[in-house]
Structures are given as structure tokens and as C-alpha cells.
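A look at the structure
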Amino acid sequence: MTNNNSNKLRKNIIISLFVCFFISSSFSQNLDSNSSTFWQNVQFGGGLGLNFGDGFFSGAIAPNAIYRFSPYVATGVGLNFQYSSQKDVFKSTVVGASVLGLFNPYRELQISTEFEQLHVNRDFDQNFVPNEDDEYWYPALFLGLGYSNGNVTFGIRYDILYDEDKSIQNQAWMPFVRFWF
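From a predicted model like this one, the values you see are computed outputs, not experimental measurements. (Residues numbered from 1 in each chain as written. Predicted model: local features only at pLDDT ≥ 70, side-chain atom pairs only at ≥ 80, totals over all residues. Heavy atoms only, no water.)

Section: unusual backbone geometry
A positive phi is found at aspartate 88, a non-glycine position, where the angle reads about 65°. The topology assignment puts aspartate 88 in the loop between β3 (73-86) and β4 (90-106). (Helix = DSSP H or I, 4+ residues; strand = E, 2+ residues; numbered from the N terminus.)

Structure (C-alpha cells):
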């Protein structure tokens, strides 16, 4: 890894840790002496993904936790892990974290923002694919709109930082399903 890439990696790690620390410390401030009130407003959720085909496998897990300030506003953090492989072509590992904000102007309508910082590692099989192995950090900033029904939200989101050459997705638009418990 070159010195320039090493500096970028350190910078991204420091920024990500700072954001996570800021959010976790803001959650730890409890103005009410009854700490159980805090946990009544916390919801856990996330997503699981599995995709496989002829020589292809992809699996993902993305746990999230949010704090609901009111029925209208919530914010939270999440983790991301994804592994993909295509026989004789590549293996890819993606690890990262995210910060999200949710706004429900009506019970059924959800507007969301989510910032993800992902570390991507792609290892190509040089016998079959001329691509060079790749390792980098990729930021994504999603703006989303969804329909909520109970603890489930279906919707679509758009990555405004989408880069066709670096994104792990094949397009900026992406459907989503969120579950909260």
C-alpha cells in the first residue's frame, strides 16, 4: 500500500471512529433519572441477504440500532458485512459502518438519510480475469423514501455519491426493506 493510500485509510478510520463516538456519546446522555425510558425508545433491526447461482455466492448481514426521539424522528448506527465470490473470477469482502436518520411526517411515510463508509477488498483470479486486485474505502450517502407498516418499511433509496467504478452496487437506485423490533 502506498503512503498516500495509507494516509487516506488512516483519515477515513479516524473520521469513522469520531462519528461513531459522537453518536454513541449523544445516546448516552440521559436527562431523565429513569434509565429504562432510554431503552423503551431503542429499536434493533437490520437486514440479511443471500444470493447464489451457478458458481456465484453472496451473503450479507447488516445489524442496526436506532433511538426514536418521537414518533416522527429517529437516528441510529449500523454495521455492514458482505462476502461475494464468483468461481474462477473474484472474491470480495466489504466491511463498514453507517449512520442513519429517519423522519416520518406521517405514520406510513418515511424519509431517510444514511451515510455508509465501506472498506472494499476485491481479489480477482488472475488466470481468468485481467483486473488488478483492489482495496479501498468507499463512502455512500443515501436519500430514501419508504412506506411504513408497523415495524416494516419498504422503499427505494438513491446514492448521491455513486461512483460507477468504485461502488459495490451496479446502480445508484436501490430498493430496501427495513425491519425493527
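A closer look at the sheet that holds strand β1 (residues 42-53)
The 8 strands are arranged β1-β2-β3-β4-β5-β6-β7-β8 in a closed barrel whose pairing can be described as antiparallel. Going from strand to strand, the sheet's axes swing by 25° on average, the running direction of each strand aside. One ladder, built from 2 bridges, connects β1 with strand β8 (residues 173-180); its direction is antiparallel. Pairing of glycine 46 across the sheet is with phenylalanine 179, part of β8. (Pairing = 2+ DSSP bridges. Axes fitted to C-alpha atoms, helices over the stretch in contact; angles between N-to-C directions.)

Section: the pairing of strand β2 (residues 56-68)
Where β1 meets β2, 12 bridges bridge the pair, whose relative direction is antiparallel. When the bridges of β2 are listed, glycine 49 appears paired with alanine 60. Hairpin remark: β1 followed by β2, antiparallel, with 2 residues in the connecting loop; positive phi at glycine 55, about 80°. As paired strands, β2 and β3 are joined by 11 bridges and run antiparallel to one another. Across the sheet, phenylalanine 57 pairs through a bridge with serine 85, a residue of β3. Counted between consecutive antiparallel strands, the loop separating β2 from β3 contains 4 residues.

Focus on the packing of aromatic side chains
Centre distance and the angle of the planes are the two values used to describe a pair of aromatic rings. This structure, assessed with the given rule, holds 6 aromatic pairs. Here the aromatic rings of phenylalanine 38 and tyrosine 67 are separated by 5.1 Å at their centres, their planes lie at 20°, and the arrangement is stacked. With a gap of 29 residues between them, phenylalanine 38 in helix α2 (residues 36-40) and tyrosine 67 in strand β2 connect regions that are remote in the sequence. For tyrosine 67, a relative accessible area of 15% translates into the label buried. A centroid spacing of 6.5 Å and a plane angle of 40° characterise the contact between phenylalanine 57 and tyrosine 83, whose relative ring orientation is tilted. One end of the pair, phenylalanine 57, is in strand β2; the other, tyrosine 83, is in strand β3, and 26 residues separate them in sequence. Residue phenylalanine 57 is classed as partly exposed on the basis of its relative accessible area of 34%. (Phe/Tyr/Trp six-rings, centres within 6.5 Å; stacked < 30°, edge-to-face > 60°. Buried < 20%, exposed > 50% of the residue type's maximum accessible area, 1.4 Å probe, protein only.)

Brief notes about the environment of threonine 113
Among the secondary structure elements, threonine 113 is positioned in strand β5 (residues 109-124). Residues threonine 113 and leucine 100 lie 13 residues apart in sequence; the distance between their C-alpha atoms is 5.6 Å. Not counting residues up to four positions away in its chain, the partners in contact with threonine 113 are Val99, Leu100, Gly101, Phe142 and Leu143. (Contact = heavy atoms within 4.5 Å.)

A short note on a nonpolar patch on the surface
Taken together, Phe115, Leu143, Ile156, Tyr158, Ile160, Leu161 and Trp173 make up a surface patch of nonpolar side chains, about 620 Å² in accessible area. Looking at where tyrosine 158 falls in the secondary structure, it is placed in strand β7 (residues 152-159). (Patch = residues over 30% accessible without salt bridge, like charges linked within 9 Å, V, L, I, M, F, W, Y side chains within 5 Å. Areas by Shrake-Rupley, 256 points an atom, 1.4 Å probe, with all protein chains shown as cover. Salt bridge = Lys/Arg side-chain N within 4 Å of Asp/Glu carboxyl O.)

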